[in-house]
There are 2 protein chains.
Amino acid sequence: MADPDSDIDELAFLAAYDASLYPRPSVAVDVVLLTVSGDELRTLLVRRSEQPQLGRWALPGTFVRVDESLDAAAARAVTTKAGLSEVFIEQLYTFGNPGRDPRTRVISVTYYALVDAARLEAAVLGRTGRELCLARVPAPDAWIVADTADGAALELAFDHRELLAVAVERIRGKLAYAPIGFELLPATFTLLELRRVHEAILGRPLNKDSFRRTILDRGLVEATGELARGLGHRPATLYRFARAGGR
Amino acid sequence: MADPDSDIDELAFLAAYDASLYPRPSVAVDVVLLTVSGDELRTLLVRRSEQPQLGRWALPGTFVRVDESLDAAAARAVTTKAGLSEVFIEQLYTFGNPGRDPRTRVISVTYYALVDAARLEAAVLGRTGRELCLARVPAPDAWIVADTADGAALELAFDHRELLAVAVERIRGKLAYAPIGFELLPATFTLLELRRVHEAILGRPLNKDSFRRTILDRGLVEATGELARGLGHRPATLYRFARAGGR
DNA sequence: AAAATAGTGTCTGTAAGACAATATAAC
DNA sequence: GTTATATTGTCTTACAGACACTATTTT
């Protein structure tokens, strides 16, 4: 493999390479930023302020800069549009059908991100309405994205409804084996809160007893020793996510 | 949403849109074409006949044409490089770090494909050696891709070793809940053959009894009524994949 | 004391692993 | 008949769902 002649050939080839010979598509990232608030799954939408599809609601996204990694572009989109940093974010799927964007061929590498509701709501405070929207994402059957305020259905830009559907499907599947529920909660939480998050994601009720057992047996959480307070009934133990895996 | 003025604005905008304003990366597809042969997981590699990385082994791939969907580009890569059509193929992950290709910024949308060994071996017959290679993909721990012939480790081009690792990880995970083993077998097969395929993918032995029960209980296979023959011992029932899901 | 949820213990059904016993085509 | 694997059946263990009961804080 370490043939010096071919190394020289390769260097010569690269020096002469003209990247502009072939037509190339544009590459964008779009982020499905999910949270659970009021026992419902919600996603952040941005109102398009430019053509095309001006005025429609879209997932936060941006074009990928030519010297920037895909992950970095996705993180930049979250920072720019939602004012958040250090969120849990993972690549989801890449959409690239010709014609999905009327401007030109745009390939969109999509990500999903998970943030706890308090953080997200603080970050977008005062900007919801014309500019931003924390839209409800209903149960799997009814794929209508609704505004939180008046419950009206929102028409999403481009193929973003499809991106959203893929994201929800993905985290539903992932919930069964990966500890992603914690990303949607503050640092300490009760088992009831954790279960409500799981139920919101799955869109169905979960068995209280076996949920408790499963979570505790896996050693993914550890008790902080403190109790929730001021609820009018017996307080629950507060837990924290045990990153080590425990046990 | 159906404001006629904004529609006119959008049309005017699109007519004036110049897609060449921003620098754009190249977009390629690469396919991890997997099969199980000789109780081992294998993947098809292509020897690079051009610069850069001339002579190294690479996953079959191609650049995406500007009017072609990603799926179509992946299917075209399989047809062109392996001479196969109608294979099971799914998108895997998109790699796009700057610097992963020395020519220019190349974003690679990767796919994995599954083919039964007999079909793949017939398709690449006579072309293995200098041009193509059906390389062994060993157990998860030893991430050395080895040539089938002399067992020597192969050095892969670009970041293709990483792509391969992600593909194997993905089908291992998927095997637990999706009927993908059938894609790696001919139309009819015995339960032993199906188990060997699963074992090759997972890299560990599976319990014979519960494997049989699990597969049969799920109703994913149905007996053809015929028996395997010529084996020197009691013949096993031949099954076929029951696409309906059964039961 | 009443309300409301937290937390514990027990029973049951399902599914997987282990193991034993029987079945059968090729030789 | 011998061989080697197929196929069936039973026992045990692990775990999830269901349900009953006790515990504890706020009002």
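Residues numbered from 1 in each chain as written. Chains lettered and ligands numbered in written order. Predicted model: local features only at pLDDT ≥ 70, side-chain atom pairs only at ≥ 80, totals over all residues. Heavy atoms only, no water.

1. Quick notes on the interface of chain B and chain A
Contact with chain B, which involves 40 residues of that partner, is made by 40 residues of chain A. Across the chain B to chain A interface the summed buried area is about 3500 Å²; carbon plus sulfur atoms make up 61%. Applying the counting criterion to the chain B and chain A interface returns zero salt bridges. Run the count over chain B and chain A and you get eight residue pairs in polar contact (both at pLDDT 80 or more). Listed by contribution, the elements that provide at least two residues to the side of chain B that touches chain A are α1 (4-16), β1 (26-37), β5 (88-95) and β6 (106-114) of chain B. Counting residues per element, the side of chain B that touches chain A draws most heavily on α1 of chain B, which supplies five residues. Here the residues of the side of chain B that touches chain A are counted per class, giving 19 nonpolar, 11 polar and 10 charged. (Contact = heavy atoms within 4.5 Å. Buried area = accessible area lost by both parts, 1.4 Å probe. Salt bridge = Lys/Arg side-chain N within 4 Å of Asp/Glu carboxyl O. Polar contact = N/O pair within 3.5 Å; in protein donor to acceptor, adjacent residues only side chain to side chain. Helix = DSSP H or I, 4+ residues; strand = E, 2+ residues; numbered from the N terminus. Nonpolar A, V, L, I, M, F, W, Y, C, P; charged D, E, K, R; others polar.)

2. Describing the sheet that holds strand β9 (residues 221-227) of chain B
Strand order in the open sheet made by the three strands is β8-β10-β9 (chain B), with antiparallel pairing throughout. Each edge of the sheet is formed by a strand with only one pairing partner; in this case those strands are β8 (188-189) and β9 of chain B. (Pairing = 2+ DSSP bridges.)

3. A word on the protein's contact with DNA strand D
Lining the immediate surroundings of DNA strand D are 20 residues, of which D209, S210 and R234 of chain A together with K208 and T237 of chain B lie closest. In the interface set of DNA strand D, defined as its atoms within 4 Å of the protein, sugar plus phosphate atoms amount to 58%. In this structure, N207 of chain A approaches DNA strand D through a side-chain N or O atom, which is 3.2 Å from a phosphate oxygen. A distance of 3.5 Å is found between a sugar or linking oxygen of DNA strand D and a side-chain nitrogen or oxygen belonging to H233 of chain B. Listed by contribution, the elements that provide at least two residues to the surface near DNA strand D are α6 (208-218) of chain A together with α6 (208-218) of chain B. In terms of residue class, the surface near DNA strand D is built from four nonpolar, eight polar and eight charged. (Near = heavy atom within 4 Å.)

4. Thoughts on the protein's contact with DNA strand C
The environment of DNA strand C is formed by 21 residues, the closest being R212 and T237 of chain A together with D209, S210 and R234 of chain B. Among the atoms of DNA strand C close to the protein, meaning within 4 Å, 58% are from sugar or phosphate groups. The contact in question runs from a sugar or linking oxygen of DNA strand C to an N or O atom on the side chain of H233 of chain A, over 3.5 Å. T214 of chain B is positioned with one of its side-chain polar atoms (N or O) 3.2 Å from a phosphate oxygen of DNA strand C. At the level of elements, α6 of chain A together with α6 of chain B are the ones that each hand at least two residues to the surface near DNA strand C.

5. Observations concerning the pairing of strand β7 (residues 132-136) of chain A
Residues and elements named next belong to chain A. With four of five residues buried, β7 is to be regarded as a mostly interior element. Strand direction decides the pairing type here: strand β2 (residues 40-47) and β7, joined by five bridges, are antiparallel. By the bridge assignment for β7, R42 is matched with R136. (Buried < 20%, exposed > 50% of the residue type's maximum accessible area, 1.4 Å probe, protein only.)

6. Thoughts on the relation of the copies chain B and chain A
The transform that puts chain B on chain A rotates by 180° and translates by 0.0 Å along the axis, for an RMSD of 0.0 Å. What the rotation and shift describe, once combined, is the action of a two-fold rotation axis. Comparing interface residues between copies, 100% of those in chain B also sit at the interface in chain A, which points to an isologous, same-surface contact. (Least-squares fit on C-alpha atoms with pLDDT ≥ 70 in both.)

7. Topic: the layout of surface pockets
In this structure, the largest pocket spans a volume of roughly 1000 Å³. Along the wall of the largest pocket there are 25 residues; nearest its centre are L92, R170 and Y177 of chain A together with R170 and Y177 of chain B. Elements that contribute at least two residues to the lining of the largest pocket include exactly β5 (88-95) and α4 (160-175) of chain A together with β5 and α4 (160-175) of chain B. Residue composition of the lining of the largest pocket, grouped by class: 10 nonpolar, six polar and nine charged. (1 Å grid on protein atoms, 1.4 Å probe; cavity = no way out; pocket = protein on both sides within 12 Å on 5 of 7 lines; lining within 4 Å. Points joined across faces, edges and corners; volume = space filled by probe spheres on them.)

8. Observations regarding helix α5 (residues 191-202) of chain A
All names here are of chain A. With 12 residues, α5 extends 16 Å from end C-alpha to end C-alpha; this agrees with the ideal 16 Å at 1.5 Å per step. Listed in full, the buried residues belonging to α5 are L191, L194, R195, V197, H198, E199, A200, I201 and L202. On its buried side, α5 packs onto β1 (26-37), β2, α4, β8 (188-189), α6 and β10 (237-241). Trailing α5 by a residue or two, G203 shows a phi angle of about 75°, which is positive. (Expected span 1.5 Å × (residues − 1).)

9. A closer look at unusual backbone geometry
The omega angle of the peptide bond from Q51 of chain A to P52 of chain A is -5°, so this bond is cis rather than trans. Positionally, P52 of chain A belongs in the loop between β2 and β3 (57-58). A positive phi angle, close to 60°, is found at Q53 of chain B, a residue other than glycine. With respect to the helices, strands and loops of the structure, Q53 of chain B is situated in the loop between β2 (40-47) and β3 (57-58). Q53 of chain B gets classed as buried once you look at its relative accessible area, which sits at 17%. Of note, the phi angle at F158 of chain B is positive, near 50°, even though the residue is not glycine.

10. Some remarks on the nonpolar core
If you look at the biggest cluster of nonpolar residues, it comprises 48 residues, and the most contacted ones within it are L33 and L84 of chain A together with L33 and L84 of chain B. Apart from the residues lying within four places of it in its own chain, the contact partners of L33 of chain A are R42, T43, L44, A82, L84, A113, V115 and L120 of chain A. (Core = buried A, V, L, I, M, F, W, Y, C linked by side-chain atoms within 4.5 Å.)

11. So, the environment of R56 of chain B
One can find R56 of chain B in the loop between β2 and β3. Residues R56 of chain B and F158 of chain B, spaced 102 residues apart in sequence, show a C-alpha to C-alpha distance of 9.1 Å.

Structural measurements only, silent on function.
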